[in-house]
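The lines below spell out each chain.
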Protein chains: 2
Amino acid sequence: MDKPVATTRIQKRNVSIISEAALEVFSTYGFRGATVDQIAREAGLSKPNLLYYFPSKEAIHSHLLTTLMDVWLAPLRDLDASGEPLEEVLAYVRRKLELSRQRPRESRLFANEIVQGAPHILELLSTELKDLVDEKAAVIAGWMDAGRLAKAHPYHLIFSIWSLTQHYADFDVQVRAVLGPKVKDPTREAGEYLEVLFTRMLKVD
Amino acid sequence: MDKPVATTRIQKRNVSIISEAALEVFSTYGFRGATVDQIAREAGLSKPNLLYYFPSKEAIHSHLLTTLMDVWLAPLRDLDASGEPLEEVLAYVRRKLELSRQRPRESRLFANEIVQGAPHILELLSTELKDLVDEKAAVIAGWMDAGRLAKAHPYHLIFSIWSLTQHYADFDVQVRAVLGPKVKDPTREAGEYLEVLFTRMLKVD
DNA sequence: GCCGCATTTGACCAAAAGGTCAAAGCCACG
DNA sequence: CGTGGCTTTGACCTTTTGGTCAAATGCGGC
């Protein structure tokens, strides 16, 4: 299940090459759809060599998922209870959207996993993820109670931020198909739109 | 690629049984992750019998996607240019959310397909889907120009409705993991939240 | 109740997939 | 510059998978 503890220089390099290749392949085809041969080819290694660094396909996948979970949650972690409420939420939206733009493969990796019922990380969702959301939802609820933010369901507010920002990574092909080839950077337009959306939603008059 | 023209009673019944089973399996495991044996088992048929009705796994999948596309777009089709703008948009949101609640498998079928780059329906997205969205975005833009709806990017408004409503079907396990077992019907809460969100977003003062 | 066509199936096949293994190659350190 | 452990690989194994086929079964109209 675990990656070997990378001690030597070669180990570090190869574990990282494999992770990169696996991210590419898993995010495109999902767990079941990806093949070890494909990952090995992408990494420029032979299959037995790849399996020398990770004991199984599952192990690579779960290594990716757990490693990237932190990256994925960082923007929410950075939501600062002592900041100015509306600006804090908007900054969170911006960070999350930026992450979607810069790391669409990570977004799709999680999307594939969760759409298919999160068989490999269900545990993490109801512990690490839930705990963090509980904490931040409480912060947001506090701001609302204090009249510093318009009232709304804090959990669903967070869900809506996830949903909207990740949409532009996960459903990229659909967004581009609908907007047509003229729009070069859908995510930039999205940024402007989301700024407006959450401002109107949360600003206290 | 196509399902056989179902003429006899038995053909109609079996094509429909297979479609139902395939929807269940494809929506859970994605195209590559689903197996023909699995679909056959779910349908209560032998594999060769199933392949008597559809020439290949691909054929079943693309039959589902094209058949269900209409169902999926119906709520948007029903957006009525002659209705009251805000109420029309809110009604659209309600219809779409209701569809997510009642047909989550269809939602996940499309989600799987699109997250993986829409290899089987890219064509449909840039024709049928794009045409419909172009038409309805124009209606919405018209309302905004007439001052009957607060201004916002019409295409991204539609994307945000898709994103938010489908989130509760596609990411159901995540939503439930975060909300905990006490919340029995996340989609109901979501309905109230989305009503507020789009009202604040679109209402003209 | 018989015929022809629709339907069903067990047995089979080739390709692809995850994974193993023993042997060979390579590198670093004494 | 040789040795011991790290790294790499070709060959191989088993299981799974999509798909085929000839033969058997069943159904509806005459």
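- Looking at an unreviewed UniProt entry, chain A carries the name TetR family transcriptional regulator, with the source organism given as Pseudooceanicola pacificus.

### Some points on the protein's contact with DNA strand C
Move 1: Among the 18 residues in the neighbourhood of DNA strand C, the closest are listed as Arg9(A), Val36(A), Thr8(B), Gln11(B) and Tyr53(B).
Move 2: Restricting attention to atoms of DNA strand C within 4 Å of the protein, one finds that 57% of them are sugar or phosphate atoms.
Move 3: Note that a phosphate oxygen of DNA strand C is positioned 2.5 Å from one of the side-chain N or O atoms of Gln11(B).
Move 4: Those elements that provide at least two residues to the surface near DNA strand C are helix H3 (47-53) of chain A together with helix H1 (9-33) and helix H3 (47-53) of chain B.
Move 5: Here the surface near DNA strand C takes 4 residues from H3(B), the largest share from any one element.
Move 6: Of the residues assigned to the surface near DNA strand C, the class counts are 8 nonpolar, 7 polar and 3 charged.

### Considering the packing of aromatic side chains
Move 1: Under the defined criterion, the tally for this structure stands at 10 aromatic pairs over all chains.
Move 2: Judged by centre distance (6.4 Å) and plane angle (80°), the ring pair of Tyr168(A) and Phe159(B) falls under edge-to-face. One end of the pair, Tyr168(A), is in helix H8 (residues 154-170); the other, Phe159(B), is in helix H8 (residues 154-170), on a second chain.
Move 3: What makes Tyr168(A) buried here is its relative accessible area of 6%.
Move 4: A relative accessible area of 0% places Phe159(B) in the buried class.
Move 5: A ring pair is formed by Tyr52(B) and Tyr53(B), whose centres lie 5.0 Å apart and whose planes are at 80°; its orientation type is edge-to-face.
Move 6: Since its relative accessible area comes to 7%, Tyr53(B) is described here as buried.
Move 7: Through a chain of ring-to-ring contacts, the aromatic side chains of Phe159(A), Trp162(A) and Tyr168(B) assemble into a single cluster.
Move 8: Over the aromatic face of Tyr29(B) sits the side chain of Arg32(A), whose NZ or CZ is 4.1 Å from the ring centroid.

### So, unusual backbone geometry
All names here are of chain A.
Move 1: The phi torsion at alanine 118 lies on the positive side, around 50°, for a residue other than glycine.
Move 2: Of note, alanine 118 is situated in the loop between helix H6 (104-115) and helix H7 (122-145).
Move 3: Relative accessible area serves as the criterion here: at 0%, alanine 118 is assigned to the buried category.

### What about the interface of chain B and chain A?
Move 1: Contacts between chain B and chain A engage 55 residues on the former and 55 residues on the latter.
Move 2: Note on chain B versus chain A: buried area summed over both sides is about 4800 Å², and carbon and sulfur give 66% of it.
Move 3: Remark: the boundary between chain B and chain A carries 0 salt bridges.
Move 4: Our count for the chain B to chain A interface comes out at 19 residue pairs in polar contact (both at pLDDT 80 or more).

Rules and cut-offs
- Residue positions are given per chain, counted from 1 along the sequence in the order it is written.
- Key to labels: chains lettered from A, ligands numbered from 1, both in the order written.
- Side-chain atom pairs in this predicted model are given and counted only at pLDDT of 80 or more, local residue features only at pLDDT of at least 70, and totals for whole chains, interfaces and linings cover all residues.
- Think of the side-chain values as coming from all heavy atoms in the structure, minus any hydrogens and water.
- What makes a residue near a molecule or strand is one non-hydrogen atom of that residue sitting within 4 Å of it.
- Any pair of nitrogen or oxygen atoms within 3.5 Å is treated as a polar contact; in protein, a donor-acceptor pairing is required on top of that, and neighbouring residues in sequence qualify only through side-chain atoms on both sides.
- Runs of H or I in DSSP of at least four residues are treated as helices and runs of E of at least two as strands, each being numbered from the N terminus.
- Any residue outside Ala, Val, Leu, Ile, Met, Phe, Trp, Tyr, Cys, Pro, Asp, Glu, Lys and Arg is labelled polar, Gly included; the first ten of those are nonpolar and the last four are charged.
- Note on aromatic pairs: the rings of Phe, Tyr and Trp (six-membered ring only in Trp) are paired at centre separations within 6.5 Å, and the planes decide the class, stacked below 30 degrees, edge-to-face beyond 60, tilted for the rest.
- Buried means the residue's accessible area, taken with a 1.4 Å probe over protein chains only, is under 20% of the maximum for its type, while exposed means over 50%, and partly exposed covers the values in between.
- Whether a charge lies above a ring is judged from NZ of Lys or CZ of Arg, which has to be within 6 Å of the ring centre and within 35 degrees of the ring normal.
- In what follows, a contact means two residues having at least one pair of non-hydrogen atoms within 4.5 Å.
- Summed over both partners, the accessible area lost on bringing two parts together, with a 1.4 Å probe, is the buried area.
- Between Lys or Arg on one side and Asp or Glu on the other, a salt bridge is scored when a side-chain nitrogen of the former is within 4 Å of a carboxyl oxygen of the latter.

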